[in-house]
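Take a look at the letters that make up each chain.
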Amino acid sequence: MTDSRHPSVRPFAHLLAVVAALLLLTTACGGSGDEGEGPAGTVNQAAPVEEGPPTPGGTLKVAVGAEPDGLLPITARWSLEGNLIASSIYDTLMTFDEERNLVPHLAESMTPNDDGTVWTIKLRPNVVFHDGSPFDAAAVKINIDARRAVPITGTALKPIREVVVVDPLTVEVRMNTPWFGYDYTVAAQGGYMAAPAAIQANDSTVAIGTGPFKQAGPWRPGDPIRVTRNETYWGPKAHLDGIEFRAIVDQTSRAAALEAGDVDLILTQDPESVKKFRSTSGIVQVEDFAAEETFAMLNLAKPPFDNVHARRALAHATNRQAINDAVGGGIQKDADQPYTEDERYFLEDSGYPSYDLERAREEIATYTEQTGQPLVFTITTPSSNQQKAEAELLQAQWTALGMQVSIEVLEQGAFLAQVFGGQFQAAMFRNFAYVNPDSNYIFWHSSYADPSGGINFGGLRSSAVDRALDTARATADPDQRTAEIKQAVRAINDEVAFVWLYHNDWGLAARANVGGLSAPQRLGFARQDGKPWWPAIWLRS
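Note that the structure is predicted; figures quoted are calculated from it, not measured. Each chain has its residues counted from 1, following the order in which its sequence is written. Only residues with pLDDT of 70 or above have their local features reported here, since the model is predicted, and side-chain atom pairs are shown and tallied only from 80 upward, although totals for entire chains, interfaces and linings are computed over all residues. Excluded from the side-chain calculations are hydrogens and water; all other atoms, namely the structure's heavy atoms, are used.

Each helix is a run of DSSP H or I of at least 4 residues and each strand a run of E of at least 2, with the numbering of both proceeding from the N terminus. Broken down by element type, the protein chain carries 17 helices and 21 strands. This radius of gyration counts C-alpha atoms alone. The globule rule is 2.2 Å times how many residues there are, raised to the power 0.38. Computed over C-alpha atoms, the radius of gyration of the protein chain comes to 23 Å, within 12% of the 24 Å expected from 2.2 N^0.38 for 541 residues, which places it in the range of a compact globule. When the backbone C-alpha atoms are referred to their principal axes, the protein chain occupies close to 70 × 55 × 40 Å. Exposure classes here rest on a 1.4 Å probe applied to the protein chains alone. A residue is buried below 20% of its type maximum, exposed above 50%, and partly exposed in between. Per-residue burial for the protein chain yields a buried fraction of 61% across its 541 residues. Note on contacts: a residue pair is in contact if any heavy atoms of the two residues lie within 4.5 Å. The long-range fraction of contacts in the protein chain, counting pairs at least 24 apart against all pairs at least 6 apart in sequence, stands at 73%. Of the roughly 18400 Å² of accessible surface on the protein chain, a fraction of 50% belongs to carbon and sulfur atoms. Residues scored as positive are Lys and Arg, those scored as negative are Asp and Glu, and His as well as the terminal groups of each chain are ignored. Charged groups are reduced to one reference atom each: NZ for lysine, CZ for arginine, CG for aspartic acid, CD for glutamic acid. The average position of the 44 basic charges and that of the 67 acidic charges among the side chains of the protein chain differ by 4 Å. Areas reported as accessible are Shrake-Rupley estimates using a 1.4 Å probe. Residue values count occlusion only from the protein chains shown.

Shown next as structure tokens:
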């Protein structure tokens, strides 16, 4: 989320961080794990495969676009940057393999009963937290119950009835209703396990996990976050002695720091930087398209978008490729749904309205005939340059057909307040960076829609969407779940709840002396989940 993931300076992406706080459990977007070809005429630079044996030692300097708002996974609101940093310190109960299939991590197994109302989690033995305390069933219960006690995340976890310690290495999570997607929630922030003492202390500047690195010294917001290798790690030991994470908010400055050798690795979503680093000598870059989507979110609970003809008019009037070319560097993947063609939930025919100016004019005329009003509305956008540019391009396309469109630019606090309170008509947004569609349940199901504000921000209410999501959540058959999610996507597009723009391309760019980038390339790095690949990264002497 370029140029906006940090409080006071990156408002829109911080919104996604707050959305992550609504979940503290969601996973990232991806199905097959294959990134696929980039758009026509582009090349996704591959990580070197013939690197020789890893060199041990050294401290990797990493620059991201925002620092996290805290280091405690129970209460922190982590966007992609936060998850990237946290994954060096914390382990999740489950994780993903190269095909984006769930595999055990801190858990040895995770099994539902026949109707999905009880999950039994068997834990890996002989694991300890960085403070020496045992990782056991009691610790897992404390972690899950602590998340349930946080008001916002408790809403997302409301299907959980109780967490029961069966024996020192076995936990049962008992549900009020079937929840076959719950195992995915513990592969992301909802599955990072923190030491019970850290949870009790509730100090957001202290991180005590079980991960391959541990916090090195005190941290204060604004300072780099330093970690050192965990010599007693239960898994493969890290090659690096340590990592230093620093926030460089300005995307141009972040890219310049990499080129100058001030940092070794950066995470970027700046299209110009991604394109440049595809062919820059001395820089190696891998890319991940299966991240979040950019779209204009429509408020279906308020005029004019409580009328489907107004919504269809916008969809038919939007030239997505022109916007991609203008502000997306021409490298983003066109989107007419929340899944890419490499994901198992992708629909060849999503049912989304095509770019058709004549149809747009017809829908505007129908709206005016039904309401007696011209189509007049405001696009609300955060103040980051890219979101403002996207809003301005949409405004130009829509006003060209006679719509009366104004733009409201807000700083972070005001923007969040209006979106969360449902006080908007159309809003520039990015979301849905989750592996399993069940994580989108709270954004799409009508039970989370509230005209005065709810996690279903746009007030989408569709019996077809609800039926598909509920059926998917209640079935153990993965093929049936996939079919139901596809039905949900088609029903969402029938409602035209979102004006889709594109799937966003993220780059992980590094100096040529950084080894092991094939690991994040295989496992992915741009989703809202744990990153189990930090131990594989190394520095050449």
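Additional details are given in the paragraphs that follow.
Before going further, it helps to spend a moment on the layout of surface pockets. As a volume, the largest pocket reaches approximately 350 Å³. Lining the largest pocket are 23 residues, and of these F180, Y184, N436, P478 and R481 sit closest to its centre. For the lining of the largest pocket, the elements supplying multiple residues, two or more each, are α5 (182–185), α15 (463–473) and α16 (478–495). Ranked by residue count, the leading element in the lining of the largest pocket is α16, at five residues. Only Asp, Glu, Lys and Arg are considered charged in this grouping, and only Ala, Val, Leu, Ile, Met, Phe, Trp, Tyr, Cys and Pro are considered nonpolar; every other residue, Gly among them, is considered polar. Here the residues of the lining of the largest pocket sort into 13 nonpolar, four polar and six charged. Lining residues are those with an atom within 4 Å of a point, where the points come from a 1 Å grid over the protein atoms alone and group into cavities, where a 1.4 Å probe fits but cannot get out, or pockets, open sets with protein on both sides within 12 Å along at least five of seven lines. Grid points are joined across faces, edges and corners, and a volume is the space filled by probe spheres set on the points. Of the pockets and cavities examined, the second largest pocket occupies roughly 220 Å³. Lining the second largest pocket are 14 residues, with H105, P236, P532, W533 and P535 positioned closest to its centre. A total of three residues in the lining of the second largest pocket trace back to one element, the largest contributor, which is helix α17 (residues 518–523). Looking at the lining of the second largest pocket residue by residue, the class counts come to nine nonpolar, three polar and two charged.

Right, let's talk about the pairing of strand β9 (residues 225–229) for a bit. Regular strands have side chains that alternate between both faces of the sheet. Any two strands are treated as partners once DSSP identifies two or more bridges connecting them. As defined by bridge partners, strand β8 (residues 213–215) adjoins β9 across three bridges and the pair is classed as antiparallel. Note that in β9 the partner of K214 across the bridge is T228. Bridge count between β9 and strand β10 (residues 242–247): four bridges; the pairing is antiparallel. Across the sheet, R226 pairs through a bridge with E244, a residue of β10.

The subject of this paragraph is helix α11 (residues 357–371). The span expected for a helix works out to 1.5 Å for each residue beyond the first. Over its 15 residues, α11 extends 21 Å from the first C-alpha to the last, a length consistent with the 21 Å expected when each residue adds 1.5 Å. Considering only its buried residues, α11 is in contact with α9 (308–316). N or O atoms closer than or at 3.5 Å make up a polar contact, with two conditions inside protein: a donor-capable atom paired with an acceptor-capable one, and, for residues adjacent in sequence, both atoms drawn from side chains. Looking at where α11 begins, the residue whose side-chain oxygen comes 3.2 Å from the main-chain nitrogen of E358 is D356. Positive backbone phi, approximately 75°, marks G372, located one or two places after α11.

Right, let's get into empty space enclosed by the protein. Taken as a whole and assessed by the stated rule, the structure comprises nine cavities of 30 Å³ or more. Around the largest cavity, the lining comprises 15 residues; the ones closest to its centre are M297, F443, N456, G458 and F498. If you list the elements that add at least two residues to the lining of the largest cavity, you get β13 (293–298), β17 (426–431) and α14 (441–444). Residue composition of the lining of the largest cavity, grouped by class: 12 nonpolar, three polar and no charged. Counted as a void, the second largest cavity has a volume near 70 Å³. S87, D91, H105, K531 and P532 are the residues nearest the centre of the second largest cavity, which is lined by 13 residues in total.

Bringing the packing of aromatic side chains into the picture now. Two aromatic rings, drawn from Phe, Tyr or Trp (for Trp, its six-membered ring), form a pair once their centres lie within 6.5 Å of each other, and the interplanar angle then sorts them: stacked below 30 degrees, edge-to-face above 60, tilted otherwise. On inspection of all chains with the given rule, the structure shows 27 aromatic pairs. Ring geometry for Y441 against Y448: centres 6.2 Å apart, planes inclined by 85°, an arrangement best described as edge-to-face. Of the two residues, Y441 and Y448, neither departs from the other in class, the shared state being buried. Members of the aromatic cluster, connected to one another through ring pairs, are F295, F420, F429, F432, Y434, F443, W444, F457, F498 and W500. By the criterion adopted, a ring carries a charge over it if an Arg CZ or a Lys NZ lies within 6 Å of its centre and within 35 degrees of its normal. The aromatic ring of Y448 is capped on one face by K158, whose charged end is 4.3 Å from the ring centroid. Above the face of the F289 ring, K333 is positioned so that its terminal group lies 5.0 Å from the ring centre.

For the rest of this paragraph, the subject is the packing of α15 against α16. Every axis in this analysis is a line fitted to C-alpha atoms, fitted for helices over the stretch in contact. Angles between the N-to-C directions lie between 0 and 180 degrees. Following both chains from N to C, one finds α15 and α16 inclined at 165°, their axes separated by 8 Å at the closest point. By the angle class used here, α15 and α16 are roughly antiparallel. The handedness of the crossing between α15 and α16 comes out as left-handed. Residue-level contacts link A464, V465, A468, L469, T471 and A472 of α15 to Q480, R481, E484, I485, Q487, A488, A491 and I492 of α16. Considering only residue class, the contact of α15 with α16 consists of nine nonpolar, three polar and two charged. Angular relationships are summarised with four words: roughly parallel below 35 degrees, roughly antiparallel beyond 145, roughly perpendicular across 65 to 115, and oblique for the angles in between. Take the far helix as the reference: if the near one is turned anticlockwise from it by less than a right angle, the crossing is left-handed, and if turned clockwise, right-handed.

Let us look at helix α10 (residues 320–327). Where α10 is concerned, the buried positions are R320, I323, N324 and V327. Projection of α10 onto a plane perpendicular to its axis shows the buried side chains occupying an angular sector of 100°, all on one side. If you follow the buried residues of α10, they end up packed against α8 (271–277), β14 (333–334), α12 (385–399) and β18 (498–503). Residue N319 occupies the N-cap position of α10, its side-chain oxygen lying 3.3 Å from the main-chain nitrogen of Q321. Positive phi shows up at G329, right after α10, with a value of about 65°. The directions considered for the arc are those from the helix axis to the C-beta atoms.

So, on to the nonpolar core. In terms of nonpolar packing, the biggest core is built from 77 residues, with L93, V173, Y182 and W534 touching the most fellow members. Beyond its immediate stretch of four places on either side in the chain, V173 contacts T117, V118, W119, I121, I144, I160, E162, V163 and Y182. Definition used in this section: a nonpolar core is a set of buried Ala, Val, Leu, Ile, Met, Phe, Trp, Tyr and Cys residues joined via side-chain atoms within 4.5 Å. Counting 67 residues, the second-largest nonpolar core is a separate cluster that includes A391, L410, L460 and L501.

Here we take up the pattern of salt bridges. One side-chain nitrogen of Lys or Arg within 4 Å of one carboxyl oxygen of Asp or Glu is enough to make a salt bridge. One pass over the full model with this rule turns up 26 salt bridges. A salt bridge links E98 to R522, with the shortest nitrogen-to-oxygen separation between them at 2.7 Å. Note that E98 is positioned in the loop between β2 (94–96) and β3 (102–104) and R522 in helix α17, a separation of 424 residues in sequence. Exposure remark for E98: the relative accessible area of 38% places this residue in the partly exposed category. Of the residues examined, R522 reaches a relative accessible area of 36% and is grouped as partly exposed. R226 serves as the salt-bridge partner of E244, at 3.1 Å between the closest nitrogen and oxygen. Taken together, the residues span a long stretch of sequence, with E244 in strand β10 and R226 in strand β9 at a distance of 18 residues. Residue E244 is classed as buried on the basis of its relative accessible area of 11%. The class of R226 is partly exposed, set by a relative accessible area of 42%.

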